[in-house]
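# Topology and contacts: notes
Here are the chains, one letter per residue:
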Amino acid sequence: MMLFQSFKMALKAIAGNKMRSFLTMLGVIIGVMAVVVLVAIGQGANASVVESIEGMGTNLITANITARRMNPVNMDGLNELAQNPFIEYTAPTANVSGTVKAGNAAYEDGQVMGTTPGYEHIRGWEVAEGRFLTQPDIDNRSFVAVIGAEAATEMYGTTHAVGETFSLSGYTLTVVGVLESNGENASGSNDNQVLIPFSLAQRLAQSTSISSFYVSAVSSEMVEMAQLAVEMFLAEAFEGYTANSWGTQYRVYNQSEMLDTLSETTETLTLMLGGIAAISLLVGGIGIMNIMLVSVSERTREIGIRKAIGASRGNILMQFLIESLVVSMMGGVLGLLISQGAVDFLAPILEMKLEIPVNVAWLAIGFSVFIGVVFGMYPANKASKLKPIDALHYEG
Amino acid sequence: MIEMKDVVKRYTLGGETIYALDHVSLRVRPGEYVAVIGPSGSGKSTLMNIIGCLDQADSGTYILNGKPIKKYRERQLARIRNRQIGFIFQGFNLLPKLSAFENVELPMIYQGIGARKRKKMAKEALERVGLGERMKHRPNQLSGGQQQRCAIARALAVKPSLILADEPTGNLDTRTGREIMQMFKELHEAGNTIVLITHDNKVAQCAERIIRIEDGKLYENQEVPDDDAVPVV
């Protein structure tokens, strides 16, 4: 009953001084907006990272050999590893430096990589035209290549590029297949890939060892087992080798680990952004306190009158506390509404799926209520403690 | 009704102790119309503050409606002010942002009276002081006399046992002042207990009993040692 009346009084006081109330609210509005929008963007970024990693396949395991001097991993070893029951495919990869030239035009963006047929399955890539690399290509060290869609159009002006030729480090290679475009993802596009037989890449690099390879587990449930198999294989291969200066000779990680690491990073970032934004909410709270203090001294006489006609300390305390609460709560709700608008506006610009997380929305509202109470407490208490006679005789 | 015994109120001003009320004893019976008259600085405002439970005495006893005030806490004093005392001030002391009706309603809100009953009582009180037509007006849209009548309505609405008026005509012209005094007379005839505080002899003459206050001491009737000390305005 009394509470309802206090709300009515608070609304009246706020409506009676619209400009000031709005400016006071602005602090909270901006604070809530900063928190909500930044957290939404942070989570949107996280979601898009997760999505693109998941697009790479969840049963993927990557191994990088970091040992510099001696590398015992070779094709025979890898073929042996492929026999493991938890492992479906293995594919070594080797980046090849050198510029691809179709005719006289160099394709600078082309990324030349040597690999084996298993790579197609591991990455889940599709061949749009022609065929992927085959085992005979590897065995015969054939001068063939499978290229990405963008590579095809850049080099030949068409994706129907099977049978075309290009030169690489003085060798002439024939295009035997064009990949289906898969767009952008976290591992990069396949569109600018130029895939050649791994044996050919080794020849070009004059090396017989394998410095990185991909493995796919038979299913996503078996990823851990497959990873263990890869680690055991590498541990065995490196037995007796001295570690290099930073102690590790190889690194094995699976997609979910990568996902965790990346999510953790973006989540930390989100938290940091939210934290910084929360400071502005705090500043908004101080603004409320400031205005409420001004309001208390402006309304000293009103407080005196109210006390003379029977308002108790509690009544006055409640009145001012509810007033600051209503200001901050309205600021919070308005901030949330504007945030929704801002998020809708920003989503297409940032090319992200943005949405305000429900828990963050509640948190922002809760926090603004908290701020209203905390920063309203001091002025309200000050008002309630005024002695009725002093307040009545106050000339302000 | 009001029983004061040896009430003392001191102030310290510049290291000097001033007795605003110097062992004051006063008795007001229900239904009485008492005027307290004295020059400014005589302690009459202090007396009113203590009678009105806005302030408490340093020593002595004050019994209002049979209950000693000394023992009360802030909250209970607020309750007494709310239910038993109707204040009427020189400066009207209406809340400027509220309408006449809302001003009258306010003490009843603090009493926790339900909306319907409250509206009825506020309307009655305003009609009684002749402001039935101006309930929606704000204080600044009312004349001084109307504002004071509104304040009277606010004091009356809760049916207090004591009406306490501090210079009710101080801010009004003579004619309006006379109207307000007429209203007090009617309230008295209706059985209300009224304590009127003023420095104006003519205003005081309207009451049935006149008490003079000077330098914190009360004198009744011819007891005043030096009649010339009372300024005649």
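All of these numbers come straight from a predicted model, not from anything done at the bench. (Residues numbered from 1 in each chain as written. Chains lettered and ligands numbered in written order. Predicted model: local features only at pLDDT ≥ 70, side-chain atom pairs only at ≥ 80, totals over all residues. Heavy atoms only, no water.)

### Description of the overall build of chain A
Scanning chain A from terminus to terminus reveals 13 helices and 12 strands. Scored against the burial criterion, the 396 residues of chain A give a buried share of 47%. Put simply, of all contacts in chain A between residues at least 6 apart along the chain, 78% involve residues at least 24 apart. About 19,300 Å² of surface is accessible on chain A, with carbon and sulfur atoms providing 58% of the total. (Helix = DSSP H or I, 4+ residues; strand = E, 2+ residues; numbered from the N terminus. Buried < 20%, exposed > 50% of the residue type's maximum accessible area, 1.4 Å probe, protein only. Contact = heavy atoms within 4.5 Å. Areas by Shrake-Rupley, 256 points an atom, 1.4 Å probe, with all protein chains shown as cover.)

### A closer look at the overall build of chain B
Counting its regular elements, chain B contains 7 helices and 10 strands. Within chain B, the proportion of its 233 residues that are buried is 55%. Considering only contacts in chain B between residues 6 or more positions apart, those separated by 24 or more positions represent 70%.

### Some thoughts on the packing of helix α1 (residues 2–15) of chain A against helix α3 (residues 100–111) of chain B
Following both chains from N to C, one finds α1 of chain A and α3 of chain B inclined at 145°, their axes separated by 11 Å at the closest point. In terms of crossing hand, the pair formed by α1 of chain A and α3 of chain B is left-handed. Residues Met2, Gln5, Met9 and Lys12 of chain A of α1 of chain A form the contact with α3 of chain B, whose participating residues are Glu102, Leu106, Ile109 and Tyr110 of chain B. Classifying every residue of the contact of α1 of chain A with α3 of chain B gives 5 nonpolar, 1 polar and 2 charged. (Axes fitted to C-alpha atoms, helices over the stretch in contact; angles between N-to-C directions. Left-handed = near helix turned anticlockwise from the far one by under 90°. Nonpolar A, V, L, I, M, F, W, Y, C, P; charged D, E, K, R; others polar.)

### Remarks on the packing of aromatic side chains
A full pass over the atoms with the stated rule returns 7 aromatic pairs over all chains. Measuring from centroid to centroid gives 5.4 Å for Tyr119 of chain A and Tyr214 of chain A, while their planes differ by 80°, and the two rings are edge-to-face. Separated by 95 residues along the polypeptide, Tyr119 of chain A in helix α4 (residues 118–123) and Tyr214 of chain A in strand β11 (residues 212–217) bring together distant segments of the chain. Tyr119 of chain A sits in the buried class, given a relative accessible area of 2%. Exposure remark for Tyr214 of chain A: the relative accessible area of 17% places this residue in the buried category. Each ring, one from Phe87 of chain B and one from Phe89 of chain B, has its centre 5.5 Å from the other, and the planes form 5°; the classification is stacked. Residue class for Phe89 of chain B comes out buried when judged on its relative accessible area of 6%. When the ring centre of Phe101 of chain B is taken as reference, the NZ or CZ atom of Lys136 of chain B above it lies at 5.6 Å. (Phe/Tyr/Trp six-rings, centres within 6.5 Å; stacked < 30°, edge-to-face > 60°. Lys NZ or Arg CZ within 6 Å of the ring centre and 35° of its normal.)

### With respect to the interface of chain B and chain A
By a frequent convention, interface size equals the accessible area lost on bringing the separate parts together. On the side of chain A, 24 residues touch chain B, which itself brings 22 residues to the contact. Taking both sides of the interface into account, the surface hidden between chain B and chain A amounts to around 2,100 Å²; carbon and sulfur atoms contribute 61%. At the surface where chain B touches chain A, the tally comes to 2 salt bridges. Salt-bridge contacts for Lys307 of chain A lead to Glu74 of chain B; the nearest nitrogen and oxygen are separated by 3.7 Å. Our enumeration of links across chain B and chain A arrives at 6 residue pairs in polar contact (both at pLDDT 80 or more). Those elements that place two or more of their residues in the side of chain B that touches chain A are α2 (74–84) and α3 of chain B. It is α3 of chain B that provides the largest number of residues to the side of chain B that touches chain A, a total of 5 residues. (Buried area = accessible area lost by both parts, 1.4 Å probe. Salt bridge = Lys/Arg side-chain N within 4 Å of Asp/Glu carboxyl O. Polar contact = N/O pair within 3.5 Å; in protein donor to acceptor, adjacent residues only side chain to side chain.)

### Examining the environment of Leu173 of chain A
All names here are of chain A. Checked against the element boundaries, Leu173 lands in strand β9 (residues 171–179). Overall, Leu173 belongs to the buried group, its relative accessible area being 1%. A sequence separation of 71 residues divides Leu173 from Ala102, and the C-alpha atoms of the two residues are 9.9 Å apart.

### Digging into the side chain of Thr24 of chain A
All names here are of chain A. By secondary structure assignment, the location of Thr24 is in helix α2 (residues 18–54). The exposure class of Thr24 is buried, given its relative accessible area of 9%. Excluding its chain neighbours within four sequence positions, the residues that come into contact with Thr24 are Gly287, Ile288, Ile291 and Val327.

### Some points on the nonpolar core
In this structure, Ile2, Met4, Leu47, Ile51, Tyr62 and Leu64 of chain B are the most contacted members of the largest nonpolar core, which totals 81 residues. At 10 residues, helix α11 (residues 313–350) of chain A tops the list of elements feeding residues into this core. Excluding residues within four positions of it along the chain, Ile2 of chain B makes contact with Leu26, Arg27, Val28, Ile51, Tyr62, Ile63, Leu64, Leu162 and Val195 of chain B. Counting 43 residues, the second-largest nonpolar core is a separate cluster that includes Ile61, Phe166, Val175 and Val223 of chain A. (Core = buried A, V, L, I, M, F, W, Y, C linked by side-chain atoms within 4.5 Å.)

### A short note on the sheet that holds strand β4 (residues 59–64) of chain B
Strand pairing in a sheet is mediated by backbone hydrogen bonds. Such pairs are either parallel or antiparallel. Residue and element names in this part refer to chain B. An order of β2-β1-β4-β5 is seen for the 4 strands of this open sheet, with the pairing classed as antiparallel. What marks the edges here is a single partner per strand, and that holds for β2 (16–28) and β5 (67–68). Relative to β4, strand β1 (residues 2–13) is paired through 5 bridges, and the arrangement is antiparallel. Following the sheet pairing, Met4 is matched in β4 by Tyr62. Lying on the sheet, helix α1 (residues 44–51) is in contact with β1, β2 and β4; it crosses β1 at an angle near 125°. (Pairing = 2+ DSSP bridges.)

### Comments concerning the pattern of salt bridges
Side chains carrying opposite charge are able to pair once their charged atoms draw close together. Considering all chains together, one arrives at 20 salt bridges over all chains under this definition. Note that Glu298 of chain A and Arg20 of chain A form a salt bridge whose closest N and O atoms lie 2.8 Å from each other. Taken together, the positions of Glu298 of chain A in helix α9 (residues 255–298) and Arg20 of chain A in helix α2 put the pair 278 residues apart, joining distant regions of the chain. Owing to a relative accessible area of 49%, Glu298 of chain A belongs among the partly exposed residues under this scheme. A salt bridge links Arg209 of chain B to Glu220 of chain B; its shortest N-O distance comes to 2.4 Å. Of this pair, Arg209 of chain B sits in strand β9 (residues 209–214) while Glu220 of chain B sits in strand β10 (residues 217–220), and the two are 11 residues apart along the sequence. Given a relative accessible area of 22%, Glu220 of chain B falls into the partly exposed group. Via salt bridges that share partners, Arg299, Glu302, Arg306 and Glu323 of chain A belong to a single interconnected network.

### Points about the side chain of Ser216 of chain A
Residue and element names in this part refer to chain A. Its location among the elements puts Ser216 in strand β11. Given a relative accessible area of 5%, Ser216 falls into the buried group. Beyond its immediate chain neighbours, meaning those up to four positions away, Ser216 contacts Asn59, Phe86, Ile87, Glu88, Tyr89 and Ile122.

### Some remarks on the pairing of β4 of chain B
Residue and element names in this part refer to chain B. Where β4 meets β5, 2 bridges bridge the pair, whose relative direction is antiparallel. Bridge pairing in β5 places Ile63 opposite Pro68. The turn joining β4 and β5, which pair antiparallel and follow one another in sequence, is formed by 2 residues; a positive phi near 50° is taken by Asn65.

### Notes on the layout of surface pockets
Size it by volume and the largest pocket reaches roughly 820 Å³. Lining the largest pocket we find 39 residues, and of these Ala13, Glu302 and Arg306 of chain A together with Lys97 and Leu98 of chain B sit closest to its centre. Looking at which element gives the most residues to the lining of the largest pocket, the answer is α1 of chain A, with 6 residues. The residue makeup of the lining of the largest pocket, split by class, is 17 nonpolar, 9 polar and 13 charged. (1 Å grid on protein atoms, 1.4 Å probe; cavity = no way out; pocket = protein on both sides within 12 Å on 5 of 7 lines; lining within 4 Å. Points joined across faces, edges and corners; volume = space filled by probe spheres on them.)

These figures come from the coordinates and say nothing about function on their own.
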